[in-house]
Amino acid sequence: MRSVEDLVRAEAAGRRLKYVYFWGHEPRRDGRVGASCLSQWWPAEFTVDGLVFPTAEHFMMHRKALLFGDGETAARILRARHPNEAKNLGREVRGYDEEVWAANRFDVVVAGNLAKFGQQALLGRYLLGTSDRVLVEASPLDRIWGIGLTADDERAARPGTWLGANLLGFVLMAVREQLAGGSLIGGREKRAITIVDYDPAWPARFRAERDRIRDALGDKAVRIDHVGSTAVPGLAAKPIVDIQVSVADANREDTYLPQLEAAGYHLRVRQPDHRMVRTEQLDVHVHICPTGGAWERDHLLFGDWLRATPADRVAYEQLKRELATREWFDMNEYAEAKGDLIDQILGRARQWAARTGWSVDRPR
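Scoring rules and cut-offs
- Along every chain, residues carry numbers that run from 1 in the direction the sequence is written.
- Per-residue local features of the predicted model are confined to residues with pLDDT of at least 70, and side-chain atom pairs are confined, for both listing and counting, to 80 or more; whole-chain, interface and lining totals are unaffected and use all residues.
- Water and hydrogen atoms were dropped before computing side-chain values, which therefore reflect all heavy atoms in the structure.
- One side-chain nitrogen of Lys or Arg within 4 Å of one carboxyl oxygen of Asp or Glu is enough to make a salt bridge.
- Three exposure classes are used, based on accessible area relative to the maximum for each residue type with a 1.4 Å probe and protein chains only: buried under 20%, partly exposed in between, and exposed over 50%.
- For the purposes of this entry, the term helix denotes a DSSP run of H or I that reaches at least four residues, the term strand denotes a run of E that reaches at least two, and both are numbered from the N terminus.
- One less than the residue count of a helix, multiplied by 1.5 Å, gives the span that helix is expected to have.
- Fitting axes to the seven residues that end at a residue and to the seven that start at it, the angle between those axes gives the bend at that residue.
- Definition of a polar contact: a pair of N or O atoms within 3.5 Å, with one able to donate and the other able to accept a hydrogen when the atoms are protein atoms, and with sequence-neighbouring residues admitted only if both atoms are side-chain atoms.
- Residue contacts are defined here by distance: any two heavy atoms, one from each residue, within 4.5 Å place the two residues in contact.
- Two strands pair if DSSP finds at least two bridges between them.
- Helix axes are fitted only over the stretch in contact, all axes being lines through C-alpha atoms; the angle between N-to-C directions runs from 0 to 180 degrees.
- Between the rings of Phe, Tyr and Trp (Trp by its six-membered ring), a pair exists once the centres lie within 6.5 Å; its type follows the angle of the planes, with under 30 degrees stacked, over 60 edge-to-face, and the other angles tilted.
- Should the NZ of a Lys or the CZ of an Arg lie within 6 Å of a ring centre and within 35 degrees of the ring normal, that charge is described as sitting over the ring.
- Whether a set of points on the 1 Å grid over the protein atoms alone is a cavity depends on a 1.4 Å probe fitting there but being unable to get out, while an open set qualifies as a pocket with protein on both sides within 12 Å along at least five of seven lines; lining residues are those with an atom within 4 Å of a point.
- Grid points are joined across faces, edges and corners, and a volume is the space filled by probe spheres set on the points.
- Following the grouping adopted for this structure description, the nonpolar residues are Ala, Val, Leu, Ile, Met, Phe, Trp, Tyr, Cys and Pro, the charged ones are Asp, Glu, Lys and Arg, and the polar ones are all others, Gly among them.
- Buried Ala, Val, Leu, Ile, Met, Phe, Trp, Tyr and Cys residues form a nonpolar core when they are joined through side-chain atoms within 4.5 Å.
- Put simply, angles under 35 degrees are roughly parallel, angles over 145 are roughly antiparallel, angles from 65 to 115 are roughly perpendicular, and the rest are oblique.

### Here we look at the pattern of salt bridges
Then, in step 1: Under the counting rule described, the total for this entry stands at 24 salt bridges.
Then, in step 2: The shortest N-O distance in the salt bridge between Asp-225 and Arg-223 comes to 2.6 Å. You'll find Asp-225 and Arg-223 in the same group, each marked buried.
Then, in step 3: Here the salt bridges do not stand alone but share partners, grouping Arg-205, Glu-209, Arg-212 and Asp-283 into one network.

Here it is as structure tokens:
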């Protein structure tokens, strides 16, 4: 859907729409990624054609200046220290033509956000996790890129009563679909979420797959770990064994992917610093990540903390069982629904790690 009219027609046809509202670019107090990352002003460096842009707003205004041949202002925009400064410089572009800009602005902002969310792995995962929700810039000040209303205005829940075109929301939904097509090999999948009691056979399955991976990769696999819920004794889980393989550079697929495919694994996810392959039966997921990185550390820490902390283990299981009773658009939507509790648990785990001197290399 690319317009307010498309949303109105979908509602009239009986489709139940769900929304994610955003406005402002301030991070959450606990530092977690939330809806504010969807803002054009969110600080997230990315590179396009050898140029580094501090925010998507910088990219938008830079491309606006180039569109009208104003290279001098484009250079000043690159040097702007704040997105508001970049925005104000964009208003000074010489030779500006409203009709020309209106015809090009959507594609310009799509290109910038593809780079932003494609190069920033955490942001990309957040955007993909919004699944089929309608993204809405609930700005009461903007009737072009936003809806001209705040999120708590009762009219914000009905597209037919919006005061603005929500162009940024539609841009981000277009970016989301392109990222899903590029990062989810084979596209989105709607699969039933089934949670079962802990199975003592899961560690043995991990060991068998670990040997299979080691045979395929040799010393290219710096370490191979059992991660996720099936690695936590007593914790109910989806009957899918998650394995984490640490390599020197996860983005260098040529160093490991052909070998894993020859061993019978199939590529499913391609993201910056993360790939996921899986068995044909879909009962084993193998995550490839860089050694020494945040992905490796957080997954190992999360498992160690749950094994040591019954209260969080029980809370996590209860949430998973409750979420499994709902219908989900795809697996990403289910994973995103667990995000808040996972972030809370990880926060406690990181404090514990700092107190105890926990490290990735501790015995397991």
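That covers the picture; the talk isn't over yet.
### Observations concerning helix α5 (residues 98-119)
Then, in step 1: Here α5 is 22 residues long and its end C-alpha atoms lie 31 Å apart, about the 32 Å a rise of 1.5 Å per residue gives.
Then, in step 2: By the largest-angle criterion, Asn-104 marks the main kink of α5, which is about 45°.
Then, in step 3: Capping the start of α5, Asp-97 holds a side-chain oxygen 2.9 Å from the backbone nitrogen of Glu-99, two or three residues further along.

### Describing the environment of Tyr-21
Then, in step 1: Turning to its location among the elements, Tyr-21 is positioned in strand β1 (residues 19-22).
Then, in step 2: For the pair Tyr-21 and Leu-135, spaced 114 residues apart in the sequence, the C-alpha separation amounts to 6.2 Å.
Then, in step 3: Discounting residues that sit within four places of it in the chain, Tyr-21 has contacts with Ala-35, Val-136, Ala-138, Ala-151, Ala-156 and Ala-157.
Then, in step 4: One polar contact links the side chain of Tyr-21 to the main-chain carbonyl oxygen of Ala-156, over a distance of 3.0 Å.

### A look at unusual backbone geometry
Then, in step 1: At Asn-166, a residue that is not glycine, the phi angle is positive and equals roughly 55°.
Then, in step 2: Here Asn-166 lies in the loop between β4 (134-137) and α7 (167-183).
Then, in step 3: A positive phi angle, near 65°, is found at Leu-282, a position not held by glycine.
Then, in step 4: In this fold, Leu-282 is placed in the loop between β8 (274-278) and β9 (284-290).

### Details of the sheet that holds strand β7 (residues 266-271)
Then, in step 1: Overall, mixed pairing links the five strands, which are arranged β5-β6-β9-β8-β7 in an open sheet. With one partner strand each, in any of the chains shown, β5 (223-227) and β7 form the two edges of the open sheet. Ignoring which end each strand starts from, the neighbouring axes of this sheet average 20° apart.
Then, in step 2: Sheet topology note: the β5/strand β6 (residues 241-247) ladder contains five bridges and is antiparallel.

### Topic: the packing of aromatic side chains
Then, in step 1: Applying the stated rule across the entire model yields nine aromatic pairs.
Then, in step 2: Following the ring pairs from residue to residue traces out a cluster consisting of Tyr-19, Tyr-21 and Trp-162.
Then, in step 3: One cation-aromatic arrangement involves Arg-212 over Tyr-265; the distance from NZ or CZ to the ring centre is 4.3 Å.

### Concerning the layout of surface pockets
Space left empty within the atom packing is revealed by a probe, the size of a water molecule, rolled over the atoms.
Then, in step 1: Here the second largest pocket defines a volume of roughly 660 Å³.
Then, in step 2: Around the second largest pocket sit 24 residues that line it, and Trp-41, Glu-57, Lys-87, Asp-142 and Trp-145 are the ones nearest its centre.
Then, in step 3: In terms of residue class, the lining of the second largest pocket is made up of eleven nonpolar, five polar and eight charged.

### Remarks on the environment of Leu-300
Then, in step 1: Within the secondary structure, Leu-300 is located in helix α10 (residues 294-308).
Then, in step 2: C-alpha separation for the pair Leu-300 and Asp-361, spaced 61 residues apart in sequence, amounts to 9.5 Å.
Then, in step 3: Among all residues touching Leu-300, those that are not within four sequence positions of it are Arg-223, Asp-225, Val-227, Gln-244, Trp-358, Val-360 and Arg-364.

### Concerning the nonpolar core
Then, in step 1: By size, the foremost hydrophobic cluster in this structure holds 54 residues, and its most contacted members are Leu-38, Phe-117, Val-134, Leu-135, Trp-162 and Val-171.
Then, in step 2: Counting residues per element, this core draws most heavily on α7, at ten residues.
Then, in step 3: Leaving out residues up to four positions away in the same chain, Leu-38 has contacts with Val-20, Phe-22, Lys-116, Phe-117, Tyr-126, Leu-127, Leu-135, Leu-168 and Leu-172.
Then, in step 4: Ranked by size, the runner-up nonpolar core spans 21 residues in total, among them Phe-206, Leu-217, Val-284 and Ile-288.

### Thoughts on the pairing of β6
Then, in step 1: Burial of β6 is extensive: seven of the seven residues sit out of reach of the surface.
Then, in step 2: Of the two faces of β6, both are covered, the one formed by Val-241, Ile-243, Val-245 and Val-247 as well as the one formed by Asp-242, Gln-244 and Ser-246.

### Thoughts on the side chain of Glu-253
Then, in step 1: Counting through the fold element by element, Glu-253 comes out in the loop between β6 and α9 (257-262).
Then, in step 2: Classification of Glu-253 as buried rests on a relative accessible area of 15%.
Then, in step 3: Among residues more than four places away in sequence, those in contact with Glu-253 are Pro-258, Arg-270 and Arg-275.

### Here's the deal with the packing of α5 against helix α6 (residues 121-129)
Angle between the axes and distance between the axes: these two values describe a pair of packed helices.
Then, in step 1: Here α5 crosses α6 at 110°, and the two axes come no closer than 5 Å. Comparing the axis directions of α5 and α6 gives the class roughly perpendicular. Residue-level inspection shows Lys-116, Phe-117 and Gln-119 of α5 in contact with α6, the latter providing Ala-121, Leu-123, Gly-124 and Leu-127.
Then, in step 2: Its residues assigned to classes, the contact of α5 with α6 comprises four nonpolar, two polar and one charged.

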